[in-house]
Amino acid sequence: RTSGNQTYAGSVTTSGPTALRTTAGGAISATGAVNATAGTLTLDTGGGAATFNNVANDFGTVAITSGGTVSLVDANALTLAGASIDTLQARTLTGDVTVSAGITATGAGNSIVLAAAQDFVNSVGAGALTVPVGGRWLVYSTSPAGSTENGLTGAAGSALPRLYNRTFGGNPPASITEPGNHLIYSAQPALTVTPDNKSKVY
């Protein structure tokens, strides 16, 4: 716990459940690789940012008690055990992104961005992702067949718009011009039309 910023320039390995806390708006920045698979990594920064973008990071489960702008990159699968943040971007380079407790964002724009290299697994239900008016969530994964949407819906309870043939790398959040929440899949559905030799005499 610190009353200001925390910076981890070298590699960090935790041996059990670990909490990193700052007060007075302090930020947490880890430029070195963080290995936190032995227990839940809890981040608690108030309004401070938390940045863990090393491509060699390996998290098991991350919980965010409070945070400003939070950015996570995980080389493998990632479980998010709840978050209360301004904005969140969490990305896996291989493996799934699993939401095991609700995530609430207060920031406008792309409030929550989750990018799974494999599948998205929502084990919470329809209230898994909460964003404010003027905000939205975007979830990237491979295909509807492998992912678990579990009741997520679009604005005002409408059927959730799904976007296909797009990836986080090729189509980053700023390029998604369609308004509202979206599940975004790299798969591209194919439509097969088979004629059945119908005829009609007039």
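Please read all numbers here as calculations on a predicted model, not as lab measurements.

The rules behind the values
- Residues numbered from 1 in each chain as written.
- Predicted model: local features only at pLDDT ≥ 70, side-chain atom pairs only at ≥ 80, totals over all residues.
- Heavy atoms only, no water.
- Helix = DSSP H or I, 4+ residues; strand = E, 2+ residues; numbered from the N terminus.
- Polar contact = N/O pair within 3.5 Å; in protein donor to acceptor, adjacent residues only side chain to side chain.
- Contact = heavy atoms within 4.5 Å.
- Pairing = 2+ DSSP bridges.
- Phe/Tyr/Trp six-rings, centres within 6.5 Å; stacked < 30°, edge-to-face > 60°.
- Buried < 20%, exposed > 50% of the residue type's maximum accessible area, 1.4 Å probe, protein only.
- Lys NZ or Arg CZ within 6 Å of the ring centre and 35° of its normal.

(A) Seen up close, the side chain of Asn57. Residue position: Asn57 is located in the loop between strand 7 (50-52) and strand 8 (58-59). Looking at Asn57, its side chain comes within polar contact range of the main-chain oxygen of Phe52, at 3.1 Å. Those residues in contact with Asn57 that sit more than four places away from it in its chain are Gly32, Ala33, Val34, Phe52, Val73, Asp74, Ala75 and Asn76.

(B) Broad picture of the sheet that holds strand 5 (residues 34-36). Reading across from one edge, 2-5-8 is the order of the 3 strands in this open sheet, with parallel pairing throughout. The open sheet has two edge strands with one neighbour each: strand 2 (12-13) and strand 8. For strand 2 and strand 5, the ladder comprises 2 bridges, and the chain directions are parallel. Bridged to Val12 within strand 5 is Val34.

(C) Molecular detail of the packing of aromatic side chains. All told, the structure shown has 3 aromatic pairs when counted by the stated rule. Plain terms: the ring middles of Phe52 and Phe59 are 6.0 Å apart, the flat faces sit at 75° to each other, and that makes the pair edge-to-face. Note on Phe52: relative accessible area 1%, which makes it buried. Lying across the ring of Tyr202, Lys200 places its NZ or CZ 5.9 Å from the centre.

(D) Seen up close, the pairing of strand 9 (residues 61-74). With 11 of 14 residues buried, strand 9 lies mostly within the body of the structure. As defined by bridge partners, strand 6 (residues 41-44) adjoins strand 9 across 4 bridges and the pair is classed as parallel. Among the inter-strand pairings, Leu43 is bridged to a residue of strand 9, identified as Ile64. Note that strand 7 and strand 9 share 3 bridges and pair parallel. Counted as the bridge partner of Ala50 is Val70 from strand 9.

Read these as layout, nothing more, since geometry by itself doesn't imply function.
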